[in-house]
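# Fold and contact review
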Amino acid sequence: MKILIVEDELKTGTYLKQGLTEAGFIADLAVNGIDGQYLALTEAFDLVILDVMLPGINGWDVLLALRSAGKSMPVLFLTARDQVVDRVKGLELGADDYLLKPFAFTELLARVRTLLRRGKTIEPEMLGIADLEVNLVRRRVSRAGQRIDLTAKEFVLLTLFLKRQGEVLSRTLIASQVWDMNFDSDTNVVEVAIRRLRAKIDDHFETRLIHTVRGMGYVMELRNF
Ligand code: CA
């Protein structure tokens with residue numbers, strides 16, 4: 001899940017980006033309305049966190065531009081406590097939710113998750129293959145009934161494999177989907193991550209689920225031989 005943060009207060013923006021990344025999202029930060037609008041219009045984001053008072057183009061106008069361009073991803077407005085009128089205006093313009101500053105990160109995260117679940121593509125709650133199960137809402141992974149702890153990135157990597165079972169995923173594709181890296185300068189990162197994921201979900205089990213396809217990438221599938 002990819003989230004765009006448009007926030008000119010660098011401290012808040014950096015904090016949000018870091019928190020969301022740790023929560024397993026890919027987060028991009030734009031520090032003014034112009035960059036924010038450009039990114040939101042040209043790249044695919046699942047959600048936008050939008051500050052109202054921004055240099056360049058304000059949050060309302062960014063939202064207006066997005067909706068006019070047919071972009072329907074959920075938008076969460078960040079608004080100052082003394083700007084209740086902002087909130088009304090934002091909702092009228094098609095914002096999905098708003099949060100008053102200052103806010104607790106846990107509150108923001110809860111709103112983000114709710115908005116993403118409410119989003120037009122209904123995500124399944126559970127994913128699985130063979131005896132491996134992933135609960136996307138509770139972020140729990142188990143195999144043969146055994147609980148497995150994954151890091152945030154390992155979790156994203158595993159769900160990518162599960163959603164695209166039987167499909168060979170190249171290192172470049174994995175790098176772009178999991179780390180948001182757009183070129184294969186360091187696909188070693190992918191190899192290391194796959195090795196770690198395998199150590200947790202495959203190595204102690206009889207049936208391997210992640211397979212290497214030489215020269216092409218990796219595939220998750222059940223092979224009956
Ligand atoms: Ca601001």
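Residues numbered from 1 in each chain as written. Predicted model: local features only at pLDDT ≥ 70, side-chain atom pairs only at ≥ 80, totals over all residues. Heavy atoms only, no water.

### A look at the nonpolar core
Put simply, the rule is: Joining through side-chain atoms within 4.5 Å is the link that ties buried Ala, Val, Leu, Ile, Met, Phe, Trp, Tyr and Cys residues into a set, and such a set is a nonpolar core. Exposure is judged per residue with a 1.4 Å probe applied to protein chains only, and the accessible area is read against the type maximum: over 50% gives exposed, under 20% gives buried, and values in between give partly exposed. Only runs of H or I of at least four residues qualify as helices and only runs of E of at least two qualify as strands under DSSP, and these elements are numbered from the N terminus. Between two residues, a contact is recorded if the distance between any of their heavy atoms is within 4.5 Å.
Counting residues in hydrophobic clusters, the biggest one holds 28 residues, and the most contacted among them are Leu132, Leu158, Phe161, Ile174 and Met220. Within the residue set of this core, elements represented by two or more residues are β6 (126–129), β7 (132–135), α6 (152–163), α7 (171–179), α8 (188–201) and β11 (217–220). Ranked by residue count, the leading element in this core is α6, at seven residues. Residues in contact with Ile174, not counting those within four places in the same chain, are Leu157, Leu160, Phe161, Leu169, Trp179, Val190, Ile194 and Tyr218. In this structure, Leu76, Leu99, Phe103 and Leu109 belong to the second largest nonpolar core, which totals 19 residues.

### Here we look at the pairing of strand β1 (residues 2–6)
Keep this limit in mind: A pair of strands counts as paired when DSSP detects no fewer than two bridges linking them.
Within β1, five of the five residues are buried, which leaves the element mostly enclosed by the surrounding structure. Where burial is concerned, the two faces of β1 agree: the one with Lys2, Leu4 and Val6 and the one with Ile3 and Ile5 are both buried. Here five bridges tie β1 to strand β2 (residues 26–30), and the two strands are oriented parallel to one another. Opposite Leu4, over in β2, you have Asp28 as the bridge partner.

### Regarding the sheet that holds β6
What counts, and what does not: Simply put, an axis is a line fit to the C-alpha atoms, just over the touching stretch for a helix, and the angle between two N-to-C directions goes from 0 to 180 degrees.
Strand order in this open sheet of four strands is β6-β7-β8-β9, and the pairing throughout is antiparallel. Single-partner strands in this sheet number two, and they are β6 and β9 (146–148). The average angle at which neighbouring strand axes cross in this sheet is 25°, direction not considered. Two elements, β6 and β7, share four bridges in a ladder whose sense is antiparallel. The residue bridging Ile129 from the neighbouring strand is Leu132, located in β7. Helix-sheet contacts for α6 involve β6, β7 and β8 (140–143), and the interaxial angle to β7 is about 115°.

### A word on the packing of α6 against α8
Here is the rule we go by: Our angle categories are set so that under 35 degrees counts as roughly parallel, over 145 as roughly antiparallel, 65 to 115 as roughly perpendicular, and the remainder as oblique. Residues are grouped as follows: Ala, Val, Leu, Ile, Met, Phe, Trp, Tyr, Cys and Pro are nonpolar; Asp, Glu, Lys and Arg are charged; all remaining types, including Gly, are polar.
At a minimum axis separation of 10 Å, α6 and α8 run at an interaxial angle of 80°. Taken together, α6 and α8 sit at an angle that is classed as roughly perpendicular. Across the interface between the two elements, Glu154, Leu157, Leu158 and Phe161 from α6 touch Ala193, Ile194, Arg196, Leu197, Lys200 and Ile201 from α8. Across the contact of α6 with α8, the residue classes break down as seven nonpolar, no polar and three charged.

### Things to note about the sheet that holds β1
Pairing within the open sheet is parallel, and its five strands lie in the order β2-β1-β3-β4-β5. A single partner strand is all that each edge strand has here, and the edge strands are β2 and β5 (97–101). Within this sheet the neighbouring strands show an average axis-to-axis angle of 20°, counted without direction. Where β1 and strand β3 (residues 47–51) come together, four bridges link them in parallel fashion. Residue Ile5 lies in a different strand from β3, and its bridge partner there is Ile49. Helix α3 (residues 59–68) rests against β3 and β4 (75–80) of the sheet, and its axis sits at about 170° to β4.

### Regarding the coordination of the calcium ion
Rules: Shown as donors are all N, O and S atoms within 2.8 Å of a metal ion, widened to 3.2 Å for Na, K and Ca; because water is not in the atom set, sites may appear incomplete.
Coordination of the calcium ion by the protein comes from Asp8 (OD), Asp51 (OD) and Met53 (O), over a distance range of 2.1 to 2.3 Å. Mapping the donors of the calcium ion onto the primary sequence yields the spacing D-x42-D-x1-M. Linking Asp8 in the loop between β1 and α1 (10–22) with Asp51 in strand β3, this pair joins segments that are 43 residues apart in sequence. Judged by relative accessible area, Asp8 falls into the partly exposed class, the value being 31%. Taking the relative accessible area as the measure of exposure, Asp51 reaches 3% and is therefore buried.

### Observations regarding the packing of α7 against α8
Between α7 and α8, the shortest axis-to-axis distance is 9 Å and the interhelical angle comes to 80°. Our classification of the angle between α7 and α8 gives roughly perpendicular. Note on element contacts: α8 touches α7 through Val189, Val190, Glu191, Ala193 and Ile194, opposite Arg171, Ile174, Ala175 and Trp179. Its residues assigned to classes, the contact of α7 with α8 comprises seven nonpolar, no polar and two charged.

### Quick notes on the domain arrangement of the protein chain
Convention followed: For each domain, the first and last residues come from an automatic or database assignment. Whenever Lys or Arg places a side-chain nitrogen within 4 Å of a carboxyl oxygen from Asp or Glu, that contact is recorded as a salt bridge. Polar contact is the term for a pair of N or O atoms within 3.5 Å; when the atoms are in protein, one must be able to donate a hydrogen and the other to accept it, and sequence-neighboring residues count only if both atoms are side-chain atoms.
By domain assignment, the protein chain separates into domain 1 (2–119) and domain 2 (126–220). Taken over C-alpha atoms, the centre of domain 1 sits 29 Å from the centre of domain 2. Contacts between the two partners involve ten residues from domain 1, matched on the other side by nine residues from domain 2. Scanning the region where domain 1 abuts domain 2 turns up zero salt bridges. For the interface between domain 1 and domain 2, the tally reads one residue pair in polar contact (both at pLDDT 80 or more). Residue composition of the side of domain 1 that touches domain 2, by class: three nonpolar, two polar and five charged.

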